[in-house]
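Close look at the chain arrangement
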Amino acid sequence: MDRDGRRAAGHALKFTDTLRGRGARFWLLAAASACLGVALFDPAVQIERRVGTYMMVFDITQSMNTRDVGPADARIGRLDHAKQLAIATLDRLPCGTQVGVSIFVERRTQPLLMPVDVCIDRAALSDAIGHIDWRMAWAADSHLYYGTYSALDDIRRMTPGAALAFFTDGHQAPALHPGRIPAWDGEAGEVPGLLFGVGGEQPEPVPKLGEKGRIEGYWTAEDTAGFASAGAPTLSVLDMEKLGGDIRNAPQRAPGSDNDHLSLRRDDVLEDLAQRTGLGVAVARSPEQIAAQLRALPGGRVADTRFALRPLFALAGLAALLASLAPAPSAVRPRAQRLFTFRSA
């Protein structure tokens, strides 16, 4: 071996000995740098998983402005609560999942955004949901049965294969007459989905909001008494005369509708709707619960989805960095011995 070869070999041996002499802290810092460096490139792998398509429908009728959700000293409106849960749910659904946005008022639903990817179009979805407002309403009535049927019909016509996620308090206003509940023209279970109940279990007054969203009063029994109940029976003039009084000009109210000015989460109405349509019913409590129940619905499709590795590398790098900052055992032991000696003395 010539002189240059021996010199190169000597340098290599010195470098190897130097690395061997490095302590654990050096290797931990090196591992942290490597992991955090890889995380910067946002690595990912493509995996196959079953994902769904969901149409999120929000009830924006006036009862959804009732503030009965959250701690007693920080109540928020039902609609605001539903929007917060829905936006947080987006982050719990896997990439490849598609979500659309729609609103319900009076008798029908109005799509605002057709289903898009929860990861690629996360900002658009959050913005669409966040800007939903009660001022979008074009009428004051809340014919929930017709609204649910309209949402299901939208899915059948525009997004076949999608599932329904309807956020509502179940408040039907005006109240329906017994035996006058409209029927669903499809088959039960034809469109999968869930009715997510929002609101408290105690009757609360429905607020009247001004243009700036401030409460300017509450609906009273006198206010709602002037509205005829949906499905009111039609009486002939002769029948009205037989019954006596000014029935012709009196509002046709359903039995038990005297408290229509008060509102609570109507689980009984949601259960009845579920039986007629084959939908499921749940109380909207947390984004984790909503996401899990949506993913458990039948249907969906198998798609190649992106599984991000950045969080794994970032956590590994952070763990290595924190470990490198811990004192070495050789430094801790003398300190502990001195402390023990001092206390013994």
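Bear in mind that the values here come from a model prediction, so they are computed numbers and not experimental data.

1. Overview of a nonpolar patch on the surface
On the surface, a nonpolar cluster with roughly 460 Å² of combined accessible area is contributed by Leu29, Leu318, Leu321, Leu322 and Leu325. Topologically, Leu321 is positioned in helix 10 (residues 310-325).

2. A look at the nonpolar core
Grouped together as the largest cluster of nonpolar side chains are 34 residues, with contacts concentrated most on Met56, Phe58, Val99, Ile129, Phe167, Phe196 and Leu294. At the level of elements, strand 2 (53-59), helix 3 (78-90), strand 5 (98-105), helix 4 (122-130), strand 7 (163-168), strand 8 (193-197) and helix 9 (287-295) are the ones that each hand at least two residues to this core. It is helix 3 that provides the largest number of residues to this core, a total of 6 residues. For Leu294, the contacting residues outside a window of four places in its chain are Tyr54, Ala165, Leu194 and Phe196. If you look at the next biggest cluster of nonpolar residues, it comprises 20 residues, including Phe104, Ala162, Val191 and Leu279.

3. Examining the environment of Gln172
Along the chain, the position of Gln172 falls in the loop between strand 7 and strand 8. Between the C-alpha atoms of Gln172 and Ser63, which are 109 residues apart in sequence, the distance is 9.3 Å. Residues within four places of Gln172 in sequence aside, it is in contact with Ser142, His143, Leu144 and Tyr145. A distance of 3.4 Å separates a polar atom in the side chain of Gln172 from a polar atom in the side chain of His143. Within the structure, the side chain of Gln172 is placed 2.8 Å from the backbone nitrogen of Leu144, a separation counted as a polar contact.

4. Considering the sheet that holds strand 7
Remark on secondary structure: sheet strands pair via backbone hydrogen bonds, oriented parallel or antiparallel. Taken in spatial order, the 6 strands line up as 6-5-2-7-8-13 in an open sheet, and their pairing is mixed. Each edge of the open sheet is held by one strand with a lone partner, namely strand 6 (108-117) and strand 13 (280-283). Shown here is a sheet whose adjacent strand axes are inclined to one another by a mean of 20°, direction ignored. Here strand 8 runs beside strand 13; their pairing, made up of 4 bridges, is parallel. Directly across from Phe196, in strand 13, lies its bridge partner Ala282. Sheet strands in contact with helix 5 (residues 144-158) are strand 2, strand 5, strand 6, strand 7 and strand 8, and its direction is about 40° off that of strand 6. In this fold helix 8 (residues 267-277) packs onto strand 7, strand 8 and strand 13, with an angle of close to 175° to the strand it touches most, strand 8.

5. Some points on the packing of helix 2 (residues 24-40) against helix 10
Pairs of packed helices are described in terms of their axes, by the angle between the two and the distance that separates them. For the pair helix 2 and helix 10, interaxial distance at closest approach is 8 Å and the crossing angle is 155°. Judged on the interaxial angle alone, helix 10 and helix 2 are roughly antiparallel. As for the relative orientation of helix 2 and helix 10, their crossing is left-handed in sense. Where helix 2 approaches helix 10, its residues Arg25, Leu28, Leu29, Ala31, Ala32, Cys35, Leu36, Val38, Ala39 and Leu40 are matched on the opposing element by Arg310, Phe313, Ala314, Ala316, Gly317, Leu318, Ala320, Leu321, Ala323, Ser324 and Leu325.

6. Some details on the side chain of Asp169
Structurally, the position occupied by Asp169 is in the loop between strand 7 and strand 8. Within the structure, the side chain of Asp169 is placed 2.8 Å from the side chain of Arg78, a separation counted as a polar contact. Every residue in contact with Asp169, bar those within four places of it in the chain, is listed here: Asp59, Ser63, Met64, Arg78, Val198, Ser263, Leu264, Arg265 and Arg266.

7. What about helix 8?
Residues of helix 8 that are buried include every one of Val269, Leu270, Leu273, Ala274 and Thr277, and no others. Projected down its long axis, helix 8 shows its buried positions confined to an angular sector of 140°, all on one face. Where the residues of helix 8 are buried, they touch helix 5, strand 7, strand 8 and strand 13. Following helix 8 by one or two positions, Gly278 adopts a phi angle in the positive range, close to 85°.

8. What to know about the pairing of strand 8
By the criterion of burial, strand 8 is predominantly enclosed, with 5 of the 5 residues buried. On strand 8, burial covers both faces: Gly193, Leu195 and Gly197 on one face and Leu194 and Phe196 on the other are all buried. The sheet contact formed by strand 7 and strand 8 spans 5 bridges and is parallel. Its bridge partner being in strand 8, Leu164 is matched across the sheet by Gly193.

9. Here we look at the pattern of salt bridges
Within this structure, the stated rule accounts for 16 salt bridges. A salt bridge links Asp80 to Lys83, with the shortest nitrogen-to-oxygen separation between them at 3.9 Å. Of this pair, Asp80 and Lys83 both sit in helix 3, 3 residues apart, roughly one helical turn. Judged by relative accessible area, which is 41%, Asp80 ranks as partly exposed. Lys83 sits in the buried class, given a relative accessible area of 10%. Arg92 serves as the salt-bridge partner of Glu288, at 2.8 Å between the closest nitrogen and oxygen.

Cut-offs applied
- All residue numbers here refer to positions counted from 1 along the written sequence of the relevant chain.
- In keeping with the predicted nature of the model, local features appear solely for residues at pLDDT of at least 70, side-chain atom pairs appear and are counted solely at 80 or more, and the whole-chain, interface and lining totals rest on all residues.
- Excluded from the side-chain calculation are hydrogens and water; included are all heavy atoms of the structure.
- Put simply, a patch holds well-exposed residues, over 30% relative accessible area, that have no salt bridge, with like charges counted together within 9 Å and Val, Leu, Ile, Met, Phe, Trp or Tyr side chains within 5 Å.
- Note on areas: Shrake-Rupley, 1.4 Å probe, and residue coverage restricted to the protein chains presented here.
- In the sections that follow, a salt bridge refers to a side-chain nitrogen of Lys or Arg positioned within 4 Å of a carboxyl oxygen of Asp or Glu.
- For the purposes of this entry, the term helix denotes a DSSP run of H or I that reaches at least four residues, the term strand denotes a run of E that reaches at least two, and both are numbered from the N terminus.
- By convention a nonpolar core is built from buried Ala, Val, Leu, Ile, Met, Phe, Trp, Tyr and Cys residues, the set being connected through side-chain atoms within 4.5 Å.
- Buried means the residue's accessible area, taken with a 1.4 Å probe over protein chains only, is under 20% of the maximum for its type, while exposed means over 50%, and partly exposed covers the values in between.
- The contact criterion used is simple: two residues touch if any of their non-hydrogen atoms lie within 4.5 Å.
- We call two N or O atoms a polar contact when they sit within 3.5 Å, provided that within protein one can donate a hydrogen and the other can accept it, with sequence-adjacent residues counted only if both atoms are side-chain atoms.
- Strand pairing is assigned whenever DSSP identifies at least 2 bridges connecting the two strands.
- An axis is simply a line fitted to the C-alpha atoms; with a helix, the fit covers only the stretch in contact. Between two such axes, the angle follows the N-to-C directions and lies from 0 to 180 degrees.
- Just so you know how the angles are binned, under 35 degrees is roughly parallel, over 145 roughly antiparallel, 65 to 115 roughly perpendicular, and the rest oblique.
- Crossing handedness is defined as follows: a turn of the near helix away from the far one that is anticlockwise and smaller than a right angle gives a left-handed crossing, while the clockwise case is right-handed.
- Throughout, the arc means that of the directions going from the helix axis to the C-beta atoms.

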